[in-house]
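# Structure assessment
Given next are the chains, with one letter for each unit.
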Amino acid sequence: MNVEVFPAGEYPSRAADLIAGLIDDHQGDSVAVGLAGGATPAATYRELAMRAVDWQRVDTFLTDERWVPHDDLGSNGRLAIETLLEATKAELHRPAWAEDMDPHLSALLYEDQLKRLLPDGRPGLVLLGMGGDGHTASLFPETSALAEKQRWYVANFVATLAVWRLTATFPLLWRAHHVVFLVCNAQKALRIKEVLADGSDLPAAMVSREAMGQVWWLLDEPAAGEL
Ligand code: 6PG
């Protein structure tokens, strides 16, 4: 496990440099990158869009998505398009959404898309955030998706938010060649200390500890303040 700490003002650029390097170093004609949602990645995505990556070989997907219309301000897919994909023209594979669609069906269809995208089942990179409760993607504590050990993508009801989410599961995230956590801000510092300590069973710790590939925790100084 690699822990990199950057000054807050340099974080987006330094994180973008590291992610661009991992994409460039990935062997093969193409590389699949799972994109994180939430607010933290936006500044890093804008920096990443300016890196000289061969974006034509990059396919992207979402490590989780809110169950909202594609043009909703809360959509992670919309965030990715506005901050990274409009500029780079990298392909984005998004889960379907419709007013009367069942989120379980959308997750199943998306999983089929991902199985075609990932013949060996191994994303090149997955980018993840971490919530203040130690969730990552939409793997929230005490939700049913944590128990999923076969499927790659599921619908997950998050009772604490009273919302449906679509999320990559542990099996898919664990298979990535690189798992990159992007975590900033002092209010996450105590949770970072807990998650990086031995024995935590919070979702972010479970992804980090059981991953098959390289794990990177990219923190700004305030988020690393308790380490
Ligand atoms: C989402 C995310 C979620 C996010 C964390 C951190 O859909 O919200 O995928 O896992 O990464 O909640 O969010 P912030 O970056 O906004 O703190």
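If you're wondering where the values come from, they're calculated on a predicted model, not measured in any experiment.

Further remarks concern the sheet that holds strand S4 (residues 64–66). Within the open sheet, the 3 strands sit side by side as S4-S8-S7. Their pairing is antiparallel. Two strands in the sheet have a free side with no partner beyond their single neighbour: S4 and strand S7 (153–158). Within this sheet the neighbouring strands show an average axis-to-axis angle of 25°, counted without direction. The pairing of S7 with strand S8 (residues 163–168) spans 6 bridges and is antiparallel. Opposite Tyr153, over in S8, you have Ala168 as the bridge partner. Sheet strands touched by helix H4 (residues 103–117): S7 and S8. Its angle to S7, the strand with the most contacts, is close to 150°.

Take the nonpolar core next. The nonpolar side chains of soluble globular proteins are, as a tendency, buried together. Residues Ile23, Leu35, Leu127, Val179, Phe181, Trp217 and Leu218 are the most contacted members of the largest nonpolar core, which totals 76 residues. Those residues in contact with Leu35 that sit more than four places away from it in its chain are Tyr45, Thr60, Phe61, Leu62, Thr63, Asp64, Ala80, Leu84, Leu85 and Leu127.

With that settled, consider the side chain of Asn76. Tracing the sequence through the fold places Asn76 in helix H3 (residues 76–88). At 3.2 Å, the side chain of Asn76 forms a polar contact with the backbone nitrogen of Gly38. In terms of polar contacts, Asn76 uses its side chain to reach the backbone carbonyl oxygen of Asp64, at 3.2 Å.

Reading across the sheet, the 7 strands line up as S1-S10-S9-S6-S2-S3-S5 and stay open at both edges, with parallel pairing between neighbours. Looking at the sheet topology across the chains shown, the edges are occupied by strand S1 (2–6) and strand S5 (91–93). Direction aside, neighbouring strands of the sheet carry axes that sit 20° apart on average. Contacts from H3 reach strand S2 (31–35), strand S3 (58–62) and S5, with the element oriented near 150° to S3. Those strands touched by helix H7 (residues 203–210) are strand S6 (125–128), strand S9 (178–183) and strand S10 (214–220), and its axis lies near 145° from that of S9.

Taken together, the side chains of Met1, Val3, Val5 and Leu227 present a nonpolar region at the surface, about 370 Å² in accessible area. Among the structural elements, Val5 can be located in strand S1.

Reading the values: rules and limits
Residues numbered from 1 in each chain as written. Predicted model: local features only at pLDDT ≥ 70, side-chain atom pairs only at ≥ 80, totals over all residues. Heavy atoms only, no water. Pairing = 2+ DSSP bridges. Helix = DSSP H or I, 4+ residues; strand = E, 2+ residues; numbered from the N terminus. Axes fitted to C-alpha atoms, helices over the stretch in contact; angles between N-to-C directions. Contact = heavy atoms within 4.5 Å. Core = buried A, V, L, I, M, F, W, Y, C linked by side-chain atoms within 4.5 Å. Buried < 20%, exposed > 50% of the residue type's maximum accessible area, 1.4 Å probe, protein only. Polar contact = N/O pair within 3.5 Å; in protein donor to acceptor, adjacent residues only side chain to side chain. Patch = residues over 30% accessible without salt bridge, like charges linked within 9 Å, V, L, I, M, F, W, Y side chains within 5 Å. Areas by Shrake-Rupley, 256 points an atom, 1.4 Å probe, with all protein chains shown as cover. Salt bridge = Lys/Arg side-chain N within 4 Å of Asp/Glu carboxyl O.

Any link to function would need more than the numbers given here.
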